[in-house]
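Observations on the model geometry
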Amino acid sequence: MIASRRRASPQARQEVTQALGSIRQQQRDARAHAEIWYQALRAWETSETDRVKVHYGPARASTMRVVGIGNYSTSGTGQGGSFWAGVEMVHLPNGLHRSNLVGGMCSADPLLSELHRGAGMGSLLHHSGRGWADPKARAMAYAEAVLELAVALGDEPARVHAQALAFARMARTISVESQD
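All figures in this text were calculated on a predicted structure; none of them were measured in a lab. Every chain's residues receive numbers from 1 upward, in the order its sequence appears when written. The predicted nature of this model means local features are confined to residues of pLDDT at least 70 and side-chain atom pairs, given and counted, to a pLDDT of 80 or more, with totals for whole chains, interfaces and linings taken over all residues. To get the side-chain values, all heavy atoms of the structure are used, and hydrogens and water are removed first.

Numbering of helices and strands starts at the N terminus; helices are DSSP runs of H or I of at least 4 residues and strands are runs of E of at least 2. Assigned secondary structure in the protein consists of six helices and five strands. Sequence-ordered secondary structure for the protein, helices as α and strands as β, is α-β-β-β-β-β-α-α-α-α-α. Evaluated residue by residue, the protein yields a buried proportion of 29% over its 180 residues. Any pair of residues with heavy atoms lying within 4.5 Å of one another is described as a contacting pair. Partitioning the intrachain contacts of the protein with sequence separation of at least 6 by distance along the chain shows that 68% fall at a separation of at least 24. Taken as a whole, the protein presents about 11600 Å² of accessible surface, with 53% of it coming from carbon and sulfur. Only protein chains enter the area calculation, which uses a 1.4 Å probe; residues under 20% of their type maximum are buried, those over 50% are exposed, and those in between are partly exposed. The protein chains shown are the only cover counted for residues, whose accessible areas, like all others here, come from Shrake-Rupley with a 1.4 Å probe.

In this structure, H97 sits in strand 5 (residues 95-98). We call two N or O atoms a polar contact when they sit within 3.5 Å, provided that within protein one can donate a hydrogen and the other can accept it, with sequence-adjacent residues counted only if both atoms are side-chain atoms. A polar atom in the side chain of H97 sits 2.8 Å from the side chain of N94. With sequence-adjacent residues up to four places away left out, H97 is seen in contact with E88, M89, V90, L92, V102 and L153.

Moving on: the environment of V146. Within the secondary structure, V146 sits in helix 4 (residues 136-152). Residues V146 and A158, twelve residues apart in the sequence, show an inter-C-alpha distance of 9.0 Å.

Mapping L153 onto the fold places it in the loop between helix 4 and helix 5 (156-171). The residues touching L153, leaving out its near neighbours within four places in the chain, are W37, L92, N94, H97, L101, V102 and M105.

The term salt bridge refers to a pairing of a side-chain nitrogen on Lys or Arg with a carboxyl oxygen on Asp or Glu at a separation within 4 Å. Counted under the stated rule, the structure contains four salt bridges. For the salt bridge of E114 with R138, the shortest nitrogen-to-oxygen distance reads 2.5 Å. On the criterion of sequence distance, the pair formed by E114 in helix 3 (residues 110-116) and R138 in helix 4 is long-range, its members being 24 residues apart. According to the relative accessible area criterion, E114 is buried, its value standing at 18%. Classification of R138 as partly exposed rests on a relative accessible area of 33%. Across the pair R169 and E144 runs a salt bridge whose closest N-O atoms are separated by 2.9 Å. With R169 in helix 5 and E144 in helix 4, the pair connects residues that are 25 residues apart, well separated along the chain. Accessibility expressed as a relative area gives 37% for R169, which makes it partly exposed. The class of E144 is partly exposed, set by a relative accessible area of 29%.

Moving on, we get to the environment of D155. Here D155 shows up in the loop between helix 4 and helix 5. Residue classification places D155 among the buried residues on the basis of a relative accessible area of 7%. For the pair D155 and G95, spaced 60 residues apart in sequence, the C-alpha to C-alpha distance is 9.3 Å. Not counting residues up to four positions away in its chain, the partners in contact with D155 are H33, W37, N94 and A150. A polar atom in the side chain of D155 sits 2.7 Å from the side chain of H33.

Written as C-alpha cells, this is what we have:
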C-alpha cells in the first residue's frame, strides 16, 4: 500500500494563512494591551478626587458613620464632628480607580507587588517592539498578572487579551516562542 499526500487546495491554504495571521495579531494586541497596563502601573500616577465630608462621633439612627478615613479624635466630647477628606485615585487605562484598592490588589500578587514597589522589568516588549522582552517567561508572567488585574478592575478588552495569552501559552505558537 502506498501512502499518498494530497496537496491542500489554494483556498484551504489561504484560510489557514488567514487564521494564523489572525491568531498572531491577537497575540500582538494582547502584548500591547498588557504593556499599556504594565506601564500605567509602573508610573502610578495619582490625583485626588473631589473632597467628601466625613462625619465621626456618636452614630445617629438615621445616618451612617464612616470609620477609618483620616485622623480624628473623639476623646472627651462625645459629640463627634466632621472634616473634609480627599480620595486618592490612580490613573489606569480604563479610568480612575481608588489607589488603596488597586494597591491592595497588587499586594496580593507577588509580581504586581514587586511592580508596585518600583521593581520589575522596564518593558514587557522586546526592544524591537516585536515579541516579548527577555527573559520571555518573566515578561509573559507579568503580562498575565497585569491583565488579570485589568479584568478584575472591569477592563473588558483585557479579558479577551488574557484569553489570547492563555491560548498562546497552551498552544506554544510561534509568536510566543520567537521574536515574530
